[in-house]
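Summary of structural features
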Amino acid sequence: MSFNPLDVKPVKSDKWFEDWKKLYPKQYNKTEADPYTKVRVILMNGTEFEQNWFYHNFARHCTNNDLRREIALIRRSEQQQQKKISCLKPIDETILEHTIGYEQLAVDLTALMARREKDPYVKKSLDFALLEDFDHLYRFSDLLEMEQGVLGEKLVGGYTEIMPGRPTISEHRYPFDDVRHGIDAKTADPLTKLQTAIITAAEQQTMNYYMNVATFYAGSDLGRRLFLEIGMIEEQHVTQYESLMDASATWLECALMHEYAECYLYYSLMQDETDEYIRGIWESHLTQEISHLHEVDRLLKKYEKKDARQLLNGGEFPELIAFNKNAEPNKAYIRQILGKTVNNSALLEEIVPVRELPDNCEFFKYNETVNKSPAYVASHNVIDKYILEAGEDYRFEEEAHPVKELRNRMVDNTEVGRRPKGV
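Conventions we followed
Along each chain, the written sequence defines residue order, and numbers are assigned to residues from 1. Only residues with pLDDT of at least 70 are given local features in this predicted model, and only at 80 or more are side-chain atom pairs given and counted; all residues enter the totals for whole chains, interfaces and linings. The basis for every side-chain value is the complete set of heavy atoms in the structure, and neither hydrogens nor water enter the calculation. Only buried residues count toward a nonpolar core, which is a set of Ala, Val, Leu, Ile, Met, Phe, Trp, Tyr and Cys residues joined through side-chain atoms within 4.5 Å. Residue burial is assigned from relative accessible area. The probe radius is 1.4 Å, only protein chains are included, and a residue is buried under 20% of its type maximum, exposed over 50%, and partly exposed in between. Helix numbers and strand numbers start at the N terminus; a helix is a DSSP run of H or I with at least 4 residues, a strand a run of E with at least 2. In this analysis, two residues are considered to be in contact whenever any of their non-hydrogen atoms come within 4.5 Å of each other. Every axis corresponds to a line fitted to the C-alpha atoms, with the helix fit spanning only the stretch in contact, and the corresponding angles, defined between N-to-C directions, vary from 0 to 180 degrees. Here is the rule for angles: anything less than 35 degrees is roughly parallel, anything more than 145 is roughly antiparallel, 65 through 115 is roughly perpendicular, and the remaining ranges are oblique. What makes a crossing left-handed is the near helix being turned counterclockwise from the far one by less than a right angle; a clockwise turn instead makes it right-handed. Gly is placed with the polar residues, together with every amino acid not listed as nonpolar (Ala, Val, Leu, Ile, Met, Phe, Trp, Tyr, Cys and Pro) or charged (Asp, Glu, Lys and Arg). A helix is expected to span 1.5 Å multiplied by its residue count minus one. The term polar contact refers here to a pair of N or O atoms within 3.5 Å; inside protein, the definition further demands a hydrogen-donor-capable atom paired with an acceptor-capable atom, and it admits residues adjacent in sequence only when both atoms are side-chain atoms. Buried and open spaces are told apart on a 1 Å grid over the protein atoms alone, a cavity being a set of points where a 1.4 Å probe fits but cannot get out and a pocket being an open set with protein on both sides within 12 Å along at least five of seven lines. Residues with an atom within 4 Å of a point are the lining residues. Grid points are joined across faces, edges and corners, and a volume is the space filled by probe spheres set on the points. Surface patches are drawn from residues lacking salt bridges whose relative accessible area is over 30%; two like charges belong together within 9 Å, two nonpolar side chains (Val, Leu, Ile, Met, Phe, Trp, Tyr) within 5 Å. Accessible surface area values rest on a Shrake-Rupley calculation with a 1.4 Å probe, where residue burial reflects the displayed protein chains alone. Salt bridges, as used here, are contacts in which a Lys or Arg side-chain nitrogen is within 4 Å of a carboxyl oxygen on Asp or Glu.

**Quick look at the nonpolar core**
- Residues L43, F58, L109, I198, W282 and F323 are the most contacted members of the largest nonpolar core, which totals 108 residues.
- Take this core: its biggest share by element is 13 residues, from helix 9 (residues 251-272).
- In this structure, V352, V354, L357 and F363 belong to the second largest nonpolar core, which totals six residues.

**Remarks on the environment of L6**
- Tracing the backbone through its elements, the reader meets L6 in the segment before helix 1 (20-23).
- Sequence-wise, L6 and D297 are 291 residues apart; in three dimensions their C-alpha atoms are separated by 9.2 Å.
- In this structure, L6 is in contact with L293, H294, A308, R309, L312, G314 and G315, ignoring residues within four places of it in sequence.

**Observations regarding the packing of helix 4 (residues 95-116) against helix 8 (residues 221-244)**
- At a minimum axis separation of 14 Å, helix 4 and helix 8 run at an interaxial angle of 30°. Taken together, the axes of helix 4 and helix 8 are roughly parallel relative to one another. The interaxial crossing formed by helix 4 with helix 8 has left-handed handedness. Here I95, L96, T99, E103 and T110 of helix 4 come into contact with helix 8, specifically with F227, I230, E234 and Y241.
- Of the residues contributing to the contact of helix 4 with helix 8, the split by class is five nonpolar, two polar and two charged.

**A closer look at helix 2 (residues 35-60)**
- An ideal rise of 1.5 Å per residue puts 38 Å on 26 residues; helix 2 measures up with 38 Å between its terminal C-alpha atoms.
- Among the 26 residues of helix 2, 22 are classified as buried, and the element is accordingly described as predominantly covered.
- Near the N-terminus of helix 2, the side chain that reaches the backbone nitrogen of Y36, with its oxygen 2.8 Å away, is that of D34.

**Structural notes on empty space enclosed by the protein**
- Here the structure, examined in full by the defined rule, presents four cavities of 30 Å³ or more.
- As a volume, the largest cavity reaches approximately 90 Å³.
- Together, T47, E50, Q51, A197, I198, T200, A201, M245, H258, A261, E262 and L265 line the largest cavity.
- For the lining of the largest cavity, the secondary structure elements donating two or more residues are helix 2, helix 7 (190-213) and helix 9.

**A look at a nonpolar patch on the surface**
- Taken together, the side chains of F176, L347 and L348 define a hydrophobic patch exposed on the protein surface, amounting to about 280 Å² of accessible area.
- Note that L348 resides in the loop between strand 1 (344-347) and strand 2 (350-353).

**Describing the pattern of salt bridges**
- For the structure shown, the criterion picks out 30 salt bridges.
- Residue R409 pairs with E392 through a salt bridge whose shortest N-O separation is 3.6 Å. Of this pair, R409 sits in the segment after helix 14 (378-390) while E392 sits in the segment after helix 14, and the two are 17 residues apart along the sequence.
- Judged by relative accessible area, which is 35%, E392 ranks as partly exposed.
- A network of salt bridges, in which partner residues are shared, links E392, D393, R395, E397 and R409.

Below, the structure is given as structure tokens:
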């Protein structure tokens, strides 16, 4: 189904704003909502946050007050959209339950993107972080069942397996090793440009969420420590993904890609949304985003003599992104990547097996500095405590784990991906 937002007549800006009643939507029912509906809500909340964060930074690096006013106008509409989406989350959904949605989004979004990514370097980067978010889902799920008695498999609806990925203790790398090569927007495939923008926004939102929510988690000190630790990995993931983007683009070119990505996502999610009320929100926001896109196109023409159709390869959407419960699940793909790459680490811009790292490389030094002893690492402590109380860890596996060293449910492996002989 082809669609080009540049071919749609935009509504006027005075139609963007809504009153307080419309801005406070009906919340979804946490026990009845489809898990992928929750995932869509988190994805679009993150996308809107990214847009607002970007426009504020744009304004701070702009000396033209006329342009600042144009940015402020669009940003105010984006702020309203973000507030509405954020308030779809129900009051009775706990921080930890909501966190499972964040990690399911990270896993399934990354897998969906990696499965269709044409740039091998970008795909390898997606696969790399995929296994780390997959492990985070496992660690938070064990904490959830242990402290709140809620089974993660019910929250993910069976769409996503819950089992160890690359152990979180193995993910702590020296900052230099999370920076990747950027794509060239002039030659990159349109889908690659969209995917690098979308995954950066999604991981940015997760990083921000953990930066703030850790101190509000009231379940235990162990839980607070787990949020702290995994929050540091989200910093690494944002570093990786933002470095993939084309840093040579101008501020207005970046604004165009942000608006285009929002249009693409709202249009994509409309196709599969099962909640009619929330689908109506996606439709309404798409109408507004198409107007924002046309506004940025006008600004590009005015200030940089550039045309959106040239920058966006005509503007027609590439293959849509689909969180569809009837589509082929990501489980088999994730198992394949686990079996092949769980032992990967990074050396500067390249992702390599940990056994290929020099003995004196910064990864080993940094990992030992922050971890010192597994006995003080929260991600390990959570699983250790669960095993001590229940006899084995909590998982939702449909068959045996694809990595032999990670099959033992009575021991939390802290060597895979961390030591040269970890696997």
